[in-house]
Amino acid sequence: MTDKEMAGKNMTNKEVAGKDMTGKETESGSLYLTGQCVPALQTGEYKISACVRVQFSGKTEDSAKATKRFCVRGPRFSIKQEQIMSVYPAPGERCAKAAVLPHIAVSPCTLPFECRVEDAREEEKALKTPFLALLLFREEEMPPLIQGHVGDLFENTGECGVFYPGCSEEEADLSCTFMDVPGELFGRIAPGKDELSYLVHGRKTEPSLKARALSAAPSDEVQSVVFCNRTVRRGSGEEPCRNHVCLVSLAGCGGIWEGCERFPFVRLAVLHHWEFFAVKDTGLEKLLENVHAKGMSLPVPEQAGGEAKALLQNGYALLEHVLRDGSKTASFYRGPFVPGISRRRVMTGDSPDALYRYDPEAGMFDVSYACAWEIGKLAVLAREDIARKIMLSRGGCLQRMRREAVRRMLADAGAERDVGKQIFRFYESFYGTDRQD
């Protein structure tokens, strides 16, 4: 059975769709989730025996017996870059979401379970323990990363506790990145041994739903997603908080949770590292409060009076204004997207002329609300369905008004208001009363 077949068992299909910031429907697709993608053989030593059994004349004999031992090894101290499919948040991203839980997608899906955390005899659970874990460090907590070889993990340890069970000669010369984490810090932020099993699951997404991959591996295969157990720290908009995420190996480190209390530092192999920035989501209200109106005002002439100067500094503009009688003047106007302070009562009216405001101190009109009334009317009429209803309602009113005008005219002239009677009188006077047809 292949890795894909094992990962495909008991998978749950979720239809995913949503809306973007403009309200437009985004492309939908399928998201497949599964449990642990455990390989058929994890790391360790195995023995296979075979023999030939012959039955002849009711007798059974075993001959040609053979026993072979072999070892399965996994990537304990380093992985290839193409095995990292994607990370979240993206490296260097300025993330402003309210809740951020970093995670990383790796391939093949069996990678988190190719090594053991504990001895095979001690791990007989329904859920296997992955040897990969994500550790989140704030800016002041991040230990320095050390570049070296696997053999350096076990040399010059000093006050560091090394819980890896050693390395082979072939592994000693491989490149490796590691760090020395304070024991108290590891015990405080690292996921517990029993928590690791719940921080990894299998996932398969359609290409349309998949984030941009970090490698050239096929995007349609099942991946394993490793989650962090710690939320990020968010800073302000001016000072975002830097967060570091490290994918570490816990292969063979079954006693690190108890041993970290006995050592000032514990040494861990780092398989991947990235960093991002987190800021608080201030929201639209806070964003508008931080807008400075003075930055959107026009230059104020030196000869401007006190009242006119205050209006210009508050975002108003002096524009030419043609009145209904054809005369020209100048009026103050401020657009709807220019922030400013208004201490005047908001006026309402059934026409734009009712919303003119005259400032006796400046001797000029303020036409801002009148223009807003016209803008609102044009915005409503731009909708075809509303314009059609208004047209039908207006046509019905005009017809009723015409009928009422005709009735009043006939009543004033002393004519019959009943149209049927008028027609009968007309035929009676034209043809006479003796005609039957």
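Note that this is a predicted model, so its numbers are computed, not measured.

**Focus: the pattern of salt bridges**
- Scanning the entire structure with this criterion turns up 15 salt bridges.
- The residue Asp 180 makes a salt bridge to Arg 267 at a minimum N-O spacing of 2.8 Å. Of the two residues, Asp 180 sits in strand β11 (residues 175-182) while Arg 267 sits in strand β15 (residues 265-278), which places them 87 residues apart along the sequence. Considered together, Asp 180 and Arg 267 belong to a single accessibility category, that of buried residues.

**What about the pairing of strand β5 (residues 84-88)?**
- With four of five residues buried, β5 is to be regarded as a mostly interior element.
- Where β5 meets strand β7 (residues 103-106), four bridges bridge the pair, whose relative direction is antiparallel. Paired with Tyr 88 across the two strands is His 103, which belongs to β7.

**Let's talk about the confidence of the model for the protein**
- Averaged over every residue, the pLDDT of the protein is 78; the share at 70 or more is 76%.
- Mean pLDDT across the elements of the protein ranges from a minimum in helix α1 (residues 3-8), with 43, to a maximum in strand β8 (residues 132-138), with 94.
- In the predicted structure, residues 1-9 sits below a pLDDT of 50 and forms 15 contacts with residues beyond four places in sequence or in another chain.
- Within the model, the stretch residues 16-26 combines pLDDT values under 50 with 14 contacts to residues more than four positions away or in other chains.

**A look at the packing of aromatic side chains**
- By the definition in use, this model includes six aromatic pairs.
- Between Phe 163 and Phe 263, the ring centres sit 5.9 Å apart and the planes meet at 85 degrees, which makes this aromatic pair edge-to-face. With a gap of 100 residues between them, Phe 163 in the loop between β10 (160-161) and α2 (169-172) and Phe 263 in the loop between α4 (256-259) and β15 connect regions that are remote in the sequence.
- Taken together, a centroid distance of 5.4 Å and an interplanar angle of 65 degrees make the contact between Tyr 358 and Phe 365 edge-to-face.
- For Phe 365, a relative accessible area of 29% puts it in the partly exposed group.
- Joined through ring pairs, the aromatic side chains of Phe 77, Phe 154 and Tyr 164 make up one cluster.
- When the ring centre of Tyr 32 is taken as reference, the NZ or CZ atom of Lys 204 above it lies at 5.9 Å.

Conventions and cut-offs
- Residues numbered from 1 in each chain as written.
- Predicted model: local features only at pLDDT ≥ 70, side-chain atom pairs only at ≥ 80, totals over all residues.
- Heavy atoms only, no water.
- Salt bridge = Lys/Arg side-chain N within 4 Å of Asp/Glu carboxyl O.
- Helix = DSSP H or I, 4+ residues; strand = E, 2+ residues; numbered from the N terminus.
- Buried < 20%, exposed > 50% of the residue type's maximum accessible area, 1.4 Å probe, protein only.
- Pairing = 2+ DSSP bridges.
- pLDDT = per-residue confidence, 0-100.
- Contact = heavy atoms within 4.5 Å.
- Phe/Tyr/Trp six-rings, centres within 6.5 Å; stacked < 30°, edge-to-face > 60°.
- Lys NZ or Arg CZ within 6 Å of the ring centre and 35° of its normal.

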